[in-house]
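Structural overview for review
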Amino acid sequence: RWARVMIEDGKQKNLKTIMMSHHQLFTRSDKIAKPSEGVNPHLYATFKELLPDIHAWFWGHEHSLSIFEPFLGLRRGRLIGNGAVPKWSSVDVFAHRPDIDWSKYGGAP
């Protein structure tokens, strides 16, 4: 609730909102909620109508770096969790998970 109020207040004051969170709004390769879900249902439900008002959202959780094209109404989604714990070199962290149904979101991020 607090974050929603801050976004709405910033919009009224003509400010740009930058979000930062540990958990990701969406993912290409990690698991969120159900293994077949590529969008975080809790964050999406909370911020869905405010996504166009967020100028950039930086998140971590996954140990990778990705700069996403606009997706779900969010202009700039940025995965910046590229440090600390290494990933196996045999895992392609940029590949889309084949078990995620992206069609309900208009395509993959």
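Notes on the structure follow. (Residues numbered from 1 in each chain as written. Predicted model: local features only at pLDDT ≥ 70, side-chain atom pairs only at ≥ 80, totals over all residues. Heavy atoms only, no water.)

What about the sheet that holds strand S1 (residues 17-21)?
Strand order in the open sheet formed by 4 strands is S1-S2-S4-S3, and the pairing between neighbours is mixed. Edge strands, defined here as strands with exactly one partner in the open sheet, are S1 and strand S3 (65-67). Put simply, the sheet's adjacent strands are angled 15° from each other on average, direction ignored. Looking at chain direction, strand S2 (residues 54-59) and strand S4 (residues 77-80) are connected through 3 bridges and run parallel. Among the inter-strand pairings, tryptophan 59 is bridged to a residue of S4, identified as leucine 79. (Pairing = 2+ DSSP bridges. Helix = DSSP H or I, 4+ residues; strand = E, 2+ residues; numbered from the N terminus. Axes fitted to C-alpha atoms, helices over the stretch in contact; angles between N-to-C directions.)

Re the pattern of salt bridges
Across all of its chains, the model carries 4 salt bridges by this definition. Across the pair glutamate 8 and arginine 4 runs a salt bridge, and its minimum N-O distance is 3.9 Å. Residue glutamate 8 and its partner arginine 4 are both found in helix H1 (residues 2-12); the two are separated by 4 residues, about one turn of the helix. Overall, the relative accessible area of 36% leaves glutamate 8 in the partly exposed class. Assessed through its relative accessible area of 23%, arginine 4 is described here as partly exposed. Two residues, aspartate 9 and lysine 13, come together in a salt bridge whose shortest N-O distance is 3.1 Å. A single network of salt bridges, built from pairs that share partners, joins Arg4, Glu8 and Glu49. (Salt bridge = Lys/Arg side-chain N within 4 Å of Asp/Glu carboxyl O. Buried < 20%, exposed > 50% of the residue type's maximum accessible area, 1.4 Å probe, protein only.)

Describing the nonpolar core
It is characteristic of soluble globular proteins that their nonpolar side chains tend to be buried jointly. Leu25, Phe26, Leu51 and Trp57 are the most contacted members of the largest nonpolar core, which has 21 residues in total. For this core, the secondary structure elements donating two or more residues are helix H2 (41-47) and S2. The residues contacting leucine 51, other than those within four sequence positions of it, are Leu25, Tyr44, Trp57, Leu72, Gly73 and Leu74. (Core = buried A, V, L, I, M, F, W, Y, C linked by side-chain atoms within 4.5 Å. Contact = heavy atoms within 4.5 Å.)

Description of the pairing of S4
Sheet topology note: the S3/S4 ladder contains 3 bridges and is antiparallel. Following the sheet pairing, leucine 65 is matched in S4 by isoleucine 80.

Quick look at the packing of aromatic side chains
Under the counting rule described, the total for this entry stands at 6 aromatic pairs. Ring centres of tryptophan 57 and tryptophan 59 lie 6.0 Å apart, and the angle between their planes is 85°; this geometry places the pair in the edge-to-face category. Members of the aromatic cluster, joined through ring pairs, are Phe26, Phe47, Trp57, Trp59, Phe68 and Phe71. (Phe/Tyr/Trp six-rings, centres within 6.5 Å; stacked < 30°, edge-to-face > 60°.)

Geometric values such as these leave the question of function open.
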